[in-house]
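Architecture and fold: a report
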Amino acid sequence: MALQLISPKQWQTQAWKNGGGITHQIARSDDQSGMRWRVSIAEVASDGAFSRFEQTDRIIMLLQGNGFCLHGAEEQPIVLNKALLPFAFAGETAIDCTLIAGPVRDFNLMTRRADVKASLQVLSVTEPLSLTLANESLLYLASGQLQLSFKEQSYQLEAGQSLLCTDEVGALQMKASVEPCRLVWIRIL
């Protein structure tokens, strides 16, 4: 079984070259061509340009803070000021970010466009729920506490933790132990 519980202590953290923030890498998959996909959380301390990632699809959403504006993704600036509302864009797009009244923490999913497709859903878990695992799946618990079970194994997921599922298929059962329980559910297809 390839289920891995990932706590914030296990994140790989790197400061940005421009000094405007840091990235916490939660999980990543590479092959001979480089990065296939990556899930990370960024702490953005100042306005600035996004790093460009050629041939990469990106999904970003606010986790904490007052929000930020993305200039260049579309004709009008995109305002992300509500937590857990995903916005998708091409990684090679030249984007400038301006913060709304202070630093933010955001969630990022990047996938190599030619080889990887992904789905990202934000779920509110109030009733018992069953999710069907893809060959590669990741859960990030934004708030609350979850009890998980899979093939007679049990896990407890705390806010800020993730569960990475690789080379597994089947139904993952869950129920909220502490609410509000908000879950980011990623399937790599």
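Report on the accompanying structure. Computed from a predicted structure; not experimentally measured.

Glancing now at the sheet that holds strand β10 (residues 96-99). Within the open sheet, the 4 strands sit side by side as β5-β10-β7-β8. Their pairing is antiparallel. Both edges of this open sheet fall to β5 (48-49) and β8 (78-80), since each of them pairs with a single strand only. In this structure, strand β7 (residues 68-71) lies alongside β10, joined through 4 bridges in antiparallel fashion. Each residue of the ladder has a partner; that of C69, found in β10, is T98.

Glancing now at the layout of surface pockets. Size it by volume and the largest pocket reaches roughly 630 Å³. Together, 27 residues line the largest pocket, and W16, T23, R38, S51 and F53 are the ones closest to its centre. Contributions of two or more residues to the lining of the largest pocket are made by β2 (12-15), β3 (21-31), β4 (34-44), β5, β6 (56-64) and β11 (104-112). Residues belonging to the lining of the largest pocket are distributed by class as follows: 9 nonpolar, 12 polar and 6 charged.

Turning next to the sheet that holds β6. A sheet is described by the order of its strands in space; here 6 strands give the open sequence β2-β3-β4-β11-β6-β9, paired in antiparallel fashion. In the strand order of this sheet, the two ends are held by β2 and β9 (87-90), each with one partner. The average angle at which neighbouring strand axes cross in this sheet is 25°, direction not considered.

Before going further, it helps to examine the pairing of β10. Of the two faces of β10, the one holding C97 and L99 is buried and the one holding D96 and T98 is not buried anywhere. Bridge count between β5 and β10: 2 bridges; the pairing is antiparallel. For G48, the partnering residue across the bridge sits in β10 and is C97.

A separate point is the nonpolar core. Counting residues in hydrophobic clusters, the biggest one holds 21 residues, and the most contacted among them are I26, F107, Y140 and I186. Of all the secondary-structure elements, those providing two or more residues to this core are β3, β4, β6, β11, β14 (136-150) and β17 (170-188). Within the second largest apolar cluster, 19 residues are counted, among which are L123, L139, L148 and C165.

Analysis parameters
Residues numbered from 1 in each chain as written. Predicted model: local features only at pLDDT ≥ 70, side-chain atom pairs only at ≥ 80, totals over all residues. Heavy atoms only, no water. Pairing = 2+ DSSP bridges. Helix = DSSP H or I, 4+ residues; strand = E, 2+ residues; numbered from the N terminus. 1 Å grid on protein atoms, 1.4 Å probe; cavity = no way out; pocket = protein on both sides within 12 Å on 5 of 7 lines; lining within 4 Å. Points joined across faces, edges and corners; volume = space filled by probe spheres on them. Nonpolar A, V, L, I, M, F, W, Y, C, P; charged D, E, K, R; others polar. Axes fitted to C-alpha atoms, helices over the stretch in contact; angles between N-to-C directions. Buried < 20%, exposed > 50% of the residue type's maximum accessible area, 1.4 Å probe, protein only. Core = buried A, V, L, I, M, F, W, Y, C linked by side-chain atoms within 4.5 Å.

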